Amino acid sequence: MITTNNYDPAQICEKGHLINGFSVREPQHNKKFCDKCGAKVIAACNDCGAIIKGGYWTSKMPPILHNYKVPKFCDNCGKPYPWIDASVAGVKDLLNTINGISDKEKGEFIENLNNIIRENPNTENSSNKVKKFLSNAGKEIADGVKSLIVEIVAETAKRIIWKD
Ligand SMILES: [Zn+2]
Ligand SMILES: [Zn+2]
């Protein structure tokens, strides 16, 4: 029986789909592979082995998983989770399909992308650059990039790029 207040490890697929927020408390919902995309499911950081925090439970209250957001970084070692790397790799692939942008421009875009995933002093500046890049890239590319990164960028970036 679970008696201590704690976080249950979350099962999340390597592409970022939440599989089970209570992998210990409700193991009947666990999966080995994602039923949405087929990716491997993990419940711990690949780098340091710390659990991915899922739902919070106490002995007195019902389990809580309100507004759960799939985390971006391991809170024990700070490394990005595999779904962040997968999204960035997807953006790189997409950029490689565009003719007429140089490797330098692609590199700069990825650098800006890293600045908007992690909230930092350059987030605002980089968000404006990403916005400008996307507005020049054409609708198809802009939509493709959006679908890959909209869930992983910082709130500031989301607001600047898609709401202003
Ligand atoms: Zn998945
Ligand atoms: Zn870690």
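Residues numbered from 1 in each chain as written. Chains lettered and ligands numbered in written order. Predicted model: local features only at pLDDT ≥ 70, side-chain atom pairs only at ≥ 80, totals over all residues.

### Remarks on helix α2 (residues 103-117)
Alright, step 1. Taking 1.5 Å per residue as the helical rise, α2 with its 15 residues ought to reach 21 Å, and the 21 Å between its terminal C-alpha atoms agrees with that figure.
Alright, step 2. What α2 keeps buried is the set Phe109, Asn112, Leu113, Asn115, Ile116 and Ile117.
Alright, step 3. Buried-residue contacts for α2 involve α1 (82-96), α3 (123-137), α4 (139-149) and α5 (155-163). (Helix = DSSP H or I, 4+ residues; strand = E, 2+ residues; numbered from the N terminus. Expected span 1.5 Å × (residues − 1). Buried ≥ 20, exposed ≤ 12 C-beta atoms within 10 Å, placed from the backbone. Contact = placed C-beta atoms within 7 Å.)

### Overview of the packing of α1 against α2
Alright, step 1. Two elements in contact, α1 and α2, have axes separated by 11 Å at closest approach and are oriented at 155 degrees. With respect to α2, the element α1 is oriented roughly antiparallel. When the axes of α1 and α2 are compared, the crossing they make is right-handed. Side by side, α1 and α2 meet where Ile84, Val88, Val91, Lys92 and Leu95 of the first sit next to Lys106, Phe109, Ile110, Leu113 and Ile117 of the second.
Alright, step 2. Within the contact of α1 with α2, the residues separate by chemical class into 8 nonpolar, no polar and 2 charged. (Axes fitted to C-alpha atoms, helices over the stretch in contact; angles between N-to-C directions. Parallel < 35°, antiparallel > 145°, perpendicular 65-115°, else oblique. Left-handed = near helix turned anticlockwise from the far one by under 90°. Nonpolar A, V, L, I, M, F, W, Y, C, P; charged D, E, K, R; others polar.)

### Let's talk about the domain arrangement of the protein
Alright, step 1. In terms of domain boundaries, the protein breaks down into domain 1 (7-57) and domain 2 (82-161).
Alright, step 2. A C-alpha centroid distance of 27 Å is found between domain 1 and domain 2. (Domains from an automatic or database assignment.)

### Here's the deal with the packing of α1 against α4
Alright, step 1. At a minimum axis separation of 9 Å, α1 and α4 run at an interaxial angle of 170 degrees. The angle between the axes of α1 and α4 places the two elements in the roughly antiparallel class. Crossing hand, α1 versus α4: right-handed. Where α1 abuts α4, its residues Ser87, Gly90, Val91 and Leu94 lie against Ile141, Gly144, Val145, Leu148 and Ile149.
Alright, step 2. Among the residues forming the contact of α1 with α4, the class breakdown is 6 nonpolar, 3 polar and no charged.

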